[in-house]
Amino acid sequence: MQYIKMENQHYVPKSYLKHFSVSDSEEIFATQFFEAGNKWSQPKKYHINSICFHGDFYNLDSRIADYHKLNIDVIERNAFWYEKHFIEDIVEKADKQLLSVQEIPDLAFFYSV
Amino acid sequence: MKSRNPRFRKGYTQEKINEQYIKSIDEFNSEIEKIDNPQLIRRAKLVINYLLSSIPKPKELHNNSILRLHSNDNVVFKSVLNRVVNYNIVIYSPKEKEDIFITTDAPGYSVDKNKAFFDTKYIDDLYHFIPISSKLALGFHNPEFYESTNRISYQKVNSEEIFQLNYGSAVNRTANIYCSNENTLNEFINKVFPEK
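Description of the structure in this document. The model shown is predicted, which means the values in this text are computed figures rather than measured ones.

We now examine the overall build of chain B. Within chain B, the regular secondary structure consists of 7 helices and 8 strands. Taking 196 residues into account, the globule formula puts the C-alpha radius of gyration at 16 Å, and chain B, at 23 Å, lies well above it. In terms of overall dimensions, chain B has a C-alpha envelope of 80 × 45 × 30 Å along the principal axes. Considering chain B as a whole, with its 196 residues, one finds that 45% of them fall into the buried category. Pairs at least 24 residues apart make up 70% of the contacts formed inside chain B by residues separated by at least 6 positions. With an accessible surface of roughly 10500 Å², chain B has 51% of that area assigned to carbon and sulfur atoms. Counting 27 positive and 24 negative side-chain charges, chain B places the centres of these two groups 5 Å from one another.

Here it is as C-alpha coordinates:
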(Lines give C-alpha, C1' and ligand atoms only; values in the text may rest on other atoms or scores of the structure.)
Protein backbone atom coordinates (compact mmCIF):
# COMPACT_ATOMS: atom_id res chain seq x y z
CA MET A 1 0.00 0.00 0.00
CA GLN A 2 1.40 3.37 -1.04
CA TYR A 3 1.00 6.47 1.08
CA ILE A 4 1.65 9.92 -0.25
CA LYS A 5 1.18 13.41 1.21
CA MET A 6 -1.92 15.17 -0.14
CA GLU A 7 -1.12 17.45 -3.04
CA ASN A 8 -2.96 20.25 -4.84
CA GLN A 9 -3.27 19.02 -8.42
CA HIS A 10 -4.22 21.60 -11.03
CA TYR A 11 -6.86 20.72 -13.60
CA VAL A 12 -5.96 23.91 -15.48
CA PRO A 13 -2.15 23.95 -15.63
CA LYS A 14 -0.29 26.77 -13.89
CA SER A 15 1.92 27.06 -16.97
CA TYR A 16 -1.25 27.85 -18.96
CA LEU A 17 -2.75 30.30 -16.44
CA LYS A 18 0.55 32.17 -16.27
CA HIS A 19 -0.10 33.52 -19.76
CA PHE A 20 -3.24 35.27 -18.51
CA SER A 21 -1.60 36.81 -15.48
CA VAL A 22 -0.94 40.44 -14.73
CA SER A 23 2.32 41.42 -16.43
CA ASP A 24 5.48 40.03 -14.80
CA SER A 25 3.57 38.35 -12.00
CA GLU A 26 1.87 35.04 -11.31
CA GLU A 27 -1.33 36.76 -10.29
CA ILE A 28 -4.56 36.78 -12.21
CA PHE A 29 -7.90 38.58 -11.85
CA ALA A 30 -10.80 36.26 -11.23
CA THR A 31 -14.53 36.58 -10.90
CA GLN A 32 -16.88 33.85 -9.84
CA PHE A 33 -20.55 33.37 -10.56
CA PHE A 34 -22.64 32.47 -7.52
CA GLU A 35 -25.69 30.51 -8.61
CA ALA A 36 -27.40 31.01 -5.26
CA GLY A 37 -27.23 34.80 -5.34
CA ASN A 38 -27.37 34.92 -9.16
CA LYS A 39 -24.45 37.36 -9.01
CA TRP A 40 -20.83 37.74 -10.07
CA SER A 41 -18.22 38.43 -7.42
CA GLN A 42 -16.13 41.58 -7.57
CA PRO A 43 -12.93 40.67 -9.52
CA LYS A 44 -10.05 39.88 -7.18
CA LYS A 45 -6.41 39.10 -7.73
CA TYR A 46 -5.27 35.53 -6.99
CA HIS A 47 -1.96 33.74 -7.26
CA ILE A 48 -2.16 31.06 -9.96
CA ASN A 49 -1.13 28.45 -7.37
CA SER A 50 -4.37 29.05 -5.51
CA ILE A 51 -6.91 28.48 -8.31
CA CYS A 52 -8.14 25.57 -10.46
CA PHE A 53 -6.97 22.67 -8.30
CA HIS A 54 -8.36 19.84 -6.18
CA GLY A 55 -6.46 17.77 -3.64
CA ASP A 56 -5.20 14.49 -5.15
CA PHE A 57 -7.51 14.94 -8.13
CA TYR A 58 -5.56 12.58 -10.41
CA ASN A 59 -4.18 10.14 -7.83
CA LEU A 60 -5.03 6.50 -8.43
CA ASP A 61 -6.71 4.35 -5.85
CA SER A 62 -3.80 2.69 -4.02
CA ARG A 63 -5.19 -0.84 -4.63
CA ILE A 64 -5.29 -0.20 -8.39
CA ALA A 65 -1.85 1.42 -8.38
CA ASP A 66 -0.40 -1.53 -6.44
CA TYR A 67 -2.09 -4.06 -8.73
CA HIS A 68 -0.64 -2.39 -11.85
CA LYS A 69 2.68 -1.69 -10.10
CA LEU A 70 2.32 2.05 -10.68
CA ASN A 71 2.91 5.03 -8.43
CA ILE A 72 -0.41 6.50 -7.32
CA ASP A 73 0.62 9.91 -8.69
CA VAL A 74 1.66 8.55 -12.12
CA ILE A 75 -0.93 10.71 -13.92
CA GLU A 76 0.07 13.96 -12.24
CA ARG A 77 3.77 13.23 -12.80
CA ASN A 78 3.73 11.88 -16.35
CA ALA A 79 0.48 12.24 -18.27
CA PHE A 80 0.42 15.98 -18.84
CA TRP A 81 3.75 16.34 -20.63
CA TYR A 82 2.64 19.58 -22.33
CA GLU A 83 2.70 21.44 -19.01
CA LYS A 84 6.48 21.44 -18.82
CA HIS A 85 7.71 23.34 -21.88
CA PHE A 86 5.15 22.89 -24.61
CA ILE A 87 2.72 25.63 -23.57
CA GLU A 88 5.56 28.10 -23.19
CA ASP A 89 6.93 27.09 -26.61
CA ILE A 90 3.66 27.32 -28.52
CA VAL A 91 2.83 30.73 -27.07
CA GLU A 92 6.24 31.99 -28.14
CA LYS A 93 6.07 30.39 -31.58
CA ALA A 94 2.48 31.56 -32.18
CA ASP A 95 3.52 35.07 -31.22
CA LYS A 96 6.37 34.97 -33.73
CA GLN A 97 4.21 33.17 -36.34
CA LEU A 98 6.61 30.25 -36.32
CA LEU A 99 4.27 27.33 -35.64
CA SER A 100 4.83 24.50 -38.10
CA VAL A 101 2.65 21.71 -39.46
CA GLN A 102 4.78 19.19 -37.54
CA GLU A 103 3.40 20.69 -34.33
CA ILE A 104 -0.26 20.04 -35.20
CA PRO A 105 -0.46 16.57 -33.55
CA ASP A 106 0.87 18.01 -30.28
CA LEU A 107 -1.49 20.99 -30.51
CA ALA A 108 -4.41 18.60 -31.07
CA PHE A 109 -3.32 16.54 -28.06
CA PHE A 110 -2.91 19.65 -25.90
CA TYR A 111 -6.45 20.83 -26.74
CA SER A 112 -8.34 17.57 -26.54
CA VAL A 113 -6.48 15.79 -23.76
CA MET B 1 -6.99 20.37 -21.55
CA LYS B 2 -10.57 19.25 -22.14
CA SER B 3 -10.51 15.67 -20.88
CA ARG B 4 -8.59 16.42 -17.66
CA ASN B 5 -11.16 18.94 -16.44
CA PRO B 6 -13.60 18.16 -13.59
CA ARG B 7 -16.41 18.86 -16.06
CA PHE B 8 -15.31 15.82 -18.00
CA ARG B 9 -15.36 13.72 -14.82
CA LYS B 10 -18.94 14.83 -14.22
CA GLY B 11 -19.85 12.85 -17.34
CA TYR B 12 -19.12 9.68 -15.36
CA THR B 13 -22.07 9.84 -12.99
CA GLN B 14 -22.37 7.11 -10.37
CA GLU B 15 -25.94 6.45 -11.54
CA LYS B 16 -24.81 5.81 -15.11
CA ILE B 17 -21.93 3.60 -13.95
CA ASN B 18 -24.25 1.59 -11.66
CA GLU B 19 -26.80 1.24 -14.45
CA GLN B 20 -24.15 -0.09 -16.84
CA TYR B 21 -22.73 -2.53 -14.29
CA ILE B 22 -26.11 -3.80 -13.18
CA LYS B 23 -27.05 -4.38 -16.83
CA SER B 24 -23.88 -6.47 -17.40
CA ILE B 25 -24.46 -8.37 -14.17
CA ASP B 26 -28.08 -9.08 -15.18
CA GLU B 27 -26.84 -10.49 -18.47
CA PHE B 28 -24.32 -12.62 -16.55
CA ASN B 29 -27.12 -13.81 -14.23
CA SER B 30 -29.26 -14.92 -17.12
CA GLU B 31 -26.31 -16.94 -18.44
CA ILE B 32 -25.89 -18.58 -15.02
CA GLU B 33 -29.49 -19.76 -15.16
CA LYS B 34 -28.52 -21.93 -18.13
CA ILE B 35 -25.90 -23.80 -16.05
CA ASP B 36 -26.96 -27.02 -14.34
CA ASN B 37 -23.83 -27.63 -12.26
CA PRO B 38 -24.51 -26.44 -8.64
CA GLN B 39 -20.82 -25.99 -7.87
CA LEU B 40 -20.33 -23.77 -10.92
CA ILE B 41 -23.45 -21.77 -10.05
CA ARG B 42 -22.13 -21.16 -6.51
CA ARG B 43 -18.79 -19.92 -7.89
CA ALA B 44 -20.47 -17.70 -10.48
CA LYS B 45 -22.60 -16.12 -7.74
CA LEU B 46 -19.45 -15.39 -5.73
CA VAL B 47 -18.08 -13.57 -8.78
CA ILE B 48 -21.31 -11.57 -9.05
CA ASN B 49 -21.14 -10.58 -5.38
CA TYR B 50 -17.54 -9.47 -5.88
CA LEU B 51 -18.50 -7.42 -8.95
CA LEU B 52 -21.37 -5.78 -7.08
CA SER B 53 -19.06 -4.78 -4.23
CA SER B 54 -16.44 -3.28 -6.54
CA ILE B 55 -18.40 -0.99 -8.84
CA PRO B 56 -15.94 1.79 -9.75
CA LYS B 57 -16.37 5.43 -8.77
CA PRO B 58 -16.37 8.31 -11.32
CA LYS B 59 -12.85 9.34 -10.20
CA GLU B 60 -11.51 5.83 -10.89
CA LEU B 61 -13.03 5.71 -14.37
CA HIS B 62 -11.90 9.21 -15.28
CA ASN B 63 -8.34 8.61 -14.07
CA ASN B 64 -8.30 5.22 -15.74
CA SER B 65 -9.22 6.83 -19.07
CA ILE B 66 -6.40 9.41 -18.67
CA LEU B 67 -3.99 6.63 -17.77
CA ARG B 68 -4.96 4.53 -20.80
CA LEU B 69 -4.61 7.61 -22.93
CA HIS B 70 -1.12 8.14 -21.57
CA SER B 71 -0.23 4.55 -22.47
CA ASN B 72 -1.79 5.06 -25.93
CA ASP B 73 -4.55 2.57 -25.15
CA ASN B 74 -7.67 4.76 -25.22
CA VAL B 75 -9.72 4.09 -28.33
CA VAL B 76 -12.13 7.02 -27.87
CA PHE B 77 -9.39 9.60 -27.44
CA LYS B 78 -7.40 8.10 -30.28
CA SER B 79 -10.35 8.64 -32.60
CA VAL B 80 -10.78 12.24 -31.35
CA LEU B 81 -7.08 12.92 -31.85
CA ASN B 82 -7.11 11.38 -35.33
CA ARG B 83 -9.93 13.73 -36.18
CA VAL B 84 -8.49 16.96 -34.72
CA VAL B 85 -5.06 16.31 -36.25
CA ASN B 86 -6.65 16.93 -39.65
CA TYR B 87 -8.23 20.25 -38.69
CA ASN B 88 -6.91 23.56 -39.98
CA ILE B 89 -5.43 25.75 -37.30
CA VAL B 90 -5.98 29.49 -37.07
CA ILE B 91 -3.99 31.54 -34.58
CA TYR B 92 -5.94 34.58 -33.52
CA SER B 93 -4.51 37.79 -32.11
CA PRO B 94 -6.20 41.12 -31.37
CA LYS B 95 -6.08 43.90 -33.93
CA GLU B 96 -6.41 46.53 -31.21
CA LYS B 97 -3.73 46.90 -28.57
CA GLU B 98 -6.20 47.14 -25.67
CA ASP B 99 -8.13 43.94 -26.53
CA ILE B 100 -7.35 40.74 -24.66
CA PHE B 101 -8.57 37.15 -24.41
CA ILE B 102 -10.06 35.90 -21.18
CA THR B 103 -9.97 32.30 -19.98
CA THR B 104 -11.93 30.21 -17.50
CA ASP B 105 -11.78 27.21 -15.18
CA ALA B 106 -12.82 25.05 -18.17
CA PRO B 107 -10.76 26.47 -21.06
CA GLY B 108 -11.78 25.72 -24.63
CA TYR B 109 -15.12 25.09 -26.29
CA SER B 110 -16.71 23.75 -29.47
CA VAL B 111 -19.04 25.49 -31.91
CA ASP B 112 -21.23 23.36 -34.13
CA LYS B 113 -22.61 24.08 -37.61
CA ASN B 114 -25.70 25.71 -36.03
CA LYS B 115 -23.32 28.13 -34.26
CA ALA B 116 -24.28 26.68 -30.87
CA PHE B 117 -21.66 26.46 -28.10
CA PHE B 118 -20.69 23.20 -26.42
CA ASP B 119 -18.08 22.24 -23.88
CA THR B 120 -16.97 19.49 -26.27
CA LYS B 121 -18.62 18.32 -29.47
CA TYR B 122 -17.12 16.33 -32.33
CA ILE B 123 -20.27 15.78 -34.38
CA ASP B 124 -21.21 18.54 -36.87
CA ASP B 125 -18.48 20.60 -35.26
CA LEU B 126 -17.51 23.79 -37.05
CA TYR B 127 -14.53 24.70 -34.91
CA HIS B 128 -12.96 24.43 -31.46
CA PHE B 129 -11.47 27.43 -29.72
CA ILE B 130 -9.00 27.83 -26.89
CA PRO B 131 -7.17 30.99 -25.81
CA ILE B 132 -3.50 30.31 -25.02
CA SER B 133 -2.57 33.75 -23.66
CA SER B 134 -4.11 37.19 -23.20
CA LYS B 135 -2.97 37.99 -26.73
CA LEU B 136 -3.21 34.66 -28.57
CA ALA B 137 -5.80 31.97 -29.20
CA LEU B 138 -6.06 28.77 -31.24
CA GLY B 139 -8.93 27.76 -33.48
CA PHE B 140 -9.18 24.16 -34.74
CA HIS B 141 -11.39 24.34 -37.84
CA ASN B 142 -13.12 21.30 -39.26
CA PRO B 143 -11.91 21.03 -42.90
CA GLU B 144 -15.41 19.89 -43.95
CA PHE B 145 -16.60 23.45 -43.33
CA TYR B 146 -13.41 25.50 -43.50
CA GLU B 147 -11.27 25.15 -46.56
CA SER B 148 -7.78 26.54 -46.39
CA THR B 149 -4.66 26.09 -48.43
CA ASN B 150 -2.61 26.58 -45.27
CA ARG B 151 -2.85 24.08 -42.43
CA ILE B 152 -1.77 26.89 -40.09
CA SER B 153 -2.77 30.51 -40.62
CA TYR B 154 -2.69 33.71 -38.59
CA GLN B 155 -5.60 36.10 -38.25
CA LYS B 156 -5.99 39.51 -36.58
CA VAL B 157 -9.41 39.91 -35.00
CA ASN B 158 -11.28 43.12 -34.21
CA SER B 159 -12.86 44.10 -30.91
CA GLU B 160 -16.28 42.68 -31.77
CA GLU B 161 -14.78 39.34 -32.84
CA ILE B 162 -12.71 39.20 -29.64
CA PHE B 163 -15.88 39.86 -27.67
CA GLN B 164 -17.65 36.98 -29.44
CA LEU B 165 -14.76 34.60 -28.86
CA ASN B 166 -14.56 35.63 -25.19
CA TYR B 167 -18.33 35.29 -24.90
CA GLY B 168 -17.97 31.62 -25.91
CA SER B 169 -15.39 31.12 -23.18
CA ALA B 170 -17.58 32.82 -20.57
CA VAL B 171 -20.70 30.80 -21.26
CA ASN B 172 -18.71 27.55 -21.25
CA ARG B 173 -17.04 28.21 -17.88
CA THR B 174 -17.79 26.10 -14.82
CA ALA B 175 -17.83 29.03 -12.37
CA ASN B 176 -14.80 31.28 -12.78
CA ILE B 177 -13.54 33.68 -15.42
CA TYR B 178 -9.89 34.79 -15.45
CA CYS B 179 -8.29 37.82 -17.03
CA SER B 180 -5.06 39.80 -16.85
CA ASN B 181 -6.87 43.14 -16.50
CA GLU B 182 -9.39 44.08 -13.83
CA ASN B 183 -11.18 46.79 -15.84
CA THR B 184 -11.51 44.60 -18.91
CA LEU B 185 -12.97 41.82 -16.78
CA ASN B 186 -15.45 44.19 -15.11
CA GLU B 187 -16.55 45.70 -18.43
CA PHE B 188 -16.88 42.28 -20.01
CA ILE B 189 -19.05 40.89 -17.19
CA ASN B 190 -21.26 43.99 -17.22
CA LYS B 191 -21.72 43.72 -20.97
CA VAL B 192 -22.42 39.97 -21.09
CA PHE B 193 -24.42 39.65 -17.90
CA PRO B 194 -25.80 43.20 -17.33
CA GLU B 195 -28.54 42.13 -14.92
CA LYS B 196 -26.16 40.23 -12.61
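Following the structure, the description resumes.
Here the focus is the environment of serine 41 of chain A. In this structure, serine 41 of chain A sits in the loop between β3 (39-40) and β4 (44-47). Given a relative accessible area of 22%, serine 41 of chain A falls into the partly exposed group.

Before going further, it helps to spend a moment on the pattern of salt bridges. For the structure on display, the rule yields 14 salt bridges over all chains. For arginine 77 of chain A, the salt bridge goes to glutamate 7 of chain A, with nearest N and O atoms at 2.7 Å. On the criterion of sequence distance, the pair formed by arginine 77 of chain A in helix α3 (residues 74-79) and glutamate 7 of chain A in the segment before β1 (8-10) is long-range, its members being 70 residues apart. For arginine 77 of chain A, a relative accessible area of 37% puts it in the partly exposed group. Looking at glutamate 7 of chain A, the relative accessible area reads 23%, which means it is partly exposed. Lysine 2 of chain B is the salt-bridge partner of aspartate 119 of chain B, the closest N and O atoms lying 3.0 Å from each other. Of this pair, aspartate 119 of chain B sits in the loop between β4 (117-118) and β5 (125-133) while lysine 2 of chain B sits in the segment before α1 (6-9); the two residues are 117 residues apart in sequence, bridging distant segments of the chain. Taking relative accessible area as the criterion, lysine 2 of chain B reaches 5% and is therefore assigned buried. Put simply, Glu7, Asp73 and Arg77 of chain A are held in one network by salt bridges that share partners.

All right, on to the packing of helix α4 (residues 86-95) of chain A against helix α5 (residues 104-112) of chain A then. Residue and element names in this part refer to chain A. Taken N-terminus to C-terminus, the directions of α4 and α5 make an angle of 120 degrees; their axes are 12 Å apart at the nearest point. Between α4 and α5, the angle falls in the class oblique. Seen from above, α4 lies across α5 with left-handed handedness. Facing Phe86, Ile87 and Ile90 of α4, the residues of α5 in contact are Asp106, Leu107 and Phe110.

Attention now goes to the sheet that holds strand β1 (residues 88-94) of chain B. Paired through backbone hydrogen bonds, the strands of a sheet run either parallel or antiparallel to each other. Spatially, β4-β3-β5-β6-β1-β7 (chain B) is the arrangement adopted by the 6 strands of the open sheet, whose pairing is mixed. The open sheet terminates on both sides in strands that have one partner only, identified here as β4 and β7 (152-157) of chain B. By the bridge criterion, 2 bridges tie strand β3 (residues 109-112) of chain B to β4 of chain B in an arrangement that is antiparallel. Residue serine 110 of chain B lies in a different strand from β4 of chain B, and its bridge partner there is phenylalanine 118 of chain B. Sheet strands in contact with α4 of chain A are β1, β5, β6 (136-141) and β7 of chain B, and its direction is about 100 degrees off that of β5 of chain B.

For the rest of this paragraph, the subject is α5 of chain A. Where burial is concerned, most of α5 of chain A is hidden: 7 out of the 9 residues are buried. Residues of α5 of chain A that are buried: Ile104, Leu107, Ala108, Phe109, Phe110, Tyr111 and Ser112 of chain A.

Attention now goes to the nonpolar core. Counting residues in each nonpolar core, the largest one holds 52 residues, and the members touching the most others are Tyr16, Leu17, Ile75 and Phe110 of chain A together with Leu138 and Phe140 of chain B. Mapped onto the domain boundaries, this core takes at least three residues apiece from domain 1 (6-78) and domain 2 (86-192) of chain B. Membership of the second largest hydrophobic core comes to 15 residues, among which are Phe29 and Trp40 of chain A together with Ile100 and Ala170 of chain B.

Let us now look at the interface of chain A and chain B. With 58 residues of chain A at the interface, the matching set in chain B holds 60 residues. Of the roughly 5100 Å² buried where chain A meets chain B, counting both sides, 67% is carbon and sulfur surface. If you look at where chain A meets chain B, you find 1 salt bridge. Notably, a salt bridge pairs arginine 4 of chain B with glutamate 83 of chain A, separated by 2.6 Å at the nearest N-O pair. Counting the contacts that link chain A with chain B gives 26 residue pairs in polar contact (both at pLDDT 80 or more). It is α5 of chain A that contributes the most residues to the side of chain A that touches chain B, 8 residues altogether. For the side of chain A that touches chain B, a count of residues per class yields 39 nonpolar, 13 polar and 6 charged. As paired strands, strand β2 (residues 27-34) of chain A and strand β8 (residues 176-179) of chain B are joined by 4 bridges and run antiparallel to one another. Within the sheet, the bridge partner assigned to phenylalanine 29 of chain A lies in β8 of chain B and is cysteine 179 of chain B.

Rules used in this analysis
Residues numbered from 1 in each chain as written. Chains lettered and ligands numbered in written order. Predicted model: local features only at pLDDT ≥ 70, side-chain atom pairs only at ≥ 80, totals over all residues. Heavy atoms only, no water. Helix = DSSP H or I, 4+ residues; strand = E, 2+ residues; numbered from the N terminus. Rg over C-alpha atoms; globule rule 2.2 N^0.38 Å. Buried < 20%, exposed > 50% of the residue type's maximum accessible area, 1.4 Å probe, protein only. Contact = heavy atoms within 4.5 Å. Areas by Shrake-Rupley, 256 points an atom, 1.4 Å probe, with all protein chains shown as cover. Lys, Arg positive; Asp, Glu negative; His and termini not counted. Charge placed at Lys NZ, Arg CZ, Asp CG, Glu CD. Salt bridge = Lys/Arg side-chain N within 4 Å of Asp/Glu carboxyl O. Axes fitted to C-alpha atoms, helices over the stretch in contact; angles between N-to-C directions. Parallel < 35°, antiparallel > 145°, perpendicular 65-115°, else oblique. Left-handed = near helix turned anticlockwise from the far one by under 90°. Pairing = 2+ DSSP bridges. Core = buried A, V, L, I, M, F, W, Y, C linked by side-chain atoms within 4.5 Å. Domains from an automatic or database assignment. Buried area = accessible area lost by both parts, 1.4 Å probe. Polar contact = N/O pair within 3.5 Å; in protein donor to acceptor, adjacent residues only side chain to side chain. Nonpolar A, V, L, I, M, F, W, Y, C, P; charged D, E, K, R; others polar.

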